[in-house]
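# Summary of the model geometry
Each chain, written out:
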Amino acid sequence: MSTFNFNGGNITNSHIGDHGHVENHGTDSATVLRIAEQLVDRLRGENPTLVPQAQVIQGELAQAGEQGRVADRGRIRTALETITIGVGAGTGGLALVEQLKHALGL
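First, a word on scope: everything that follows refers to the structure included in this document. Only a predicted model underlies this, so the values are computations on that prediction, with no experimental measurement involved.

### Concerning the overall build of the protein
- Scanning the protein from N- to C-terminus turns up four helices and four strands.
- When the helices and strands of the protein are listed from N to C terminus, the series reads β-β-β-β-α-α-α-α.
- Out of the 106 residues in the protein, the part that is buried amounts to 32%.

### Things to note about helix α4 (residues 92-104)
- Taking 1.5 Å per residue, 13 residues should reach 18 Å; α4 reaches 18 Å between its end C-alpha atoms and fits that length.
- For α4, the complete set of buried residues consists of Gly 92, Gly 93, Leu 94, Leu 96, Val 97, Leu 100, Ala 103 and Leu 104.
- Gly 105 lies just past α4 and shows a positive phi near 70 degrees.

### Examining the environment of Leu 106
- If you trace the backbone, Leu 106 turns up in the segment after α4.
- A residue is classified by how much of its surface remains accessible, and Leu 106, at 31% relative accessible area, is partly exposed.
- In sequence terms Leu 106 and Arg 77 are 29 residues apart; their C-alpha atoms lie 7.1 Å from each other.
- For Leu 106, the residues in contact, after removing those within four places along its chain, are Arg 73, Ile 76, Arg 77, Leu 80 and Lys 101.

### Points about helix α2 (residues 51-67)
- Over its 17 residues, α2 runs 24 Å from end to end, which matches the ideal 24 Å to within 8%, given 1.5 Å per residue.
- Of the positions making up α2, those classed as buried are Val 51, Ala 54, Ile 57, Glu 60, Leu 61 and Ala 64.
- Taken from the residues just after α2, Gly 68 is the one with a positive phi, measuring 65 degrees.

Thresholds, definitions, all that
Residues numbered from 1 in each chain as written. Predicted model: local features only at pLDDT ≥ 70, side-chain atom pairs only at ≥ 80, totals over all residues. Heavy atoms only, no water. Helix = DSSP H or I, 4+ residues; strand = E, 2+ residues; numbered from the N terminus. Buried < 20%, exposed > 50% of the residue type's maximum accessible area, 1.4 Å probe, protein only. Expected span 1.5 Å × (residues − 1). Contact = heavy atoms within 4.5 Å.

Function-wise, these values are silent; they only describe arrangement.
Okay, structure coming up:
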C-alpha cells in the first residue's frame, strides 16, 4: 500500500478530486495494481492488441508505488479510454476497466 505526502499530511487510498478535496474510494493501491494485472491477463485472451495499453496502466501504477508518487492519472485515463473503445460490451475486460475507473475515481 502506498502513502503519499500532501501538504505535510499523509494520504492513503485517496486522490485529490475537484476543488482540491481529498476523495477516498476505499481501494488500496495493492488492490488497484492487482486489478490492473488482471486486466492485462484478461486482454491477452480477449483482445491481445490492447495488451500494451493495459501494460501502460500496470506499469504506471507500479512505478508510482515504487517511487512514492501519485500515479499519472492522465496517462492512465488515456489508456483506459483506448481499451474501452476496443473491448466489447459485456466482456470481462470492460468490467475490469470499470473497476479501475471506480477505484481511481476517474
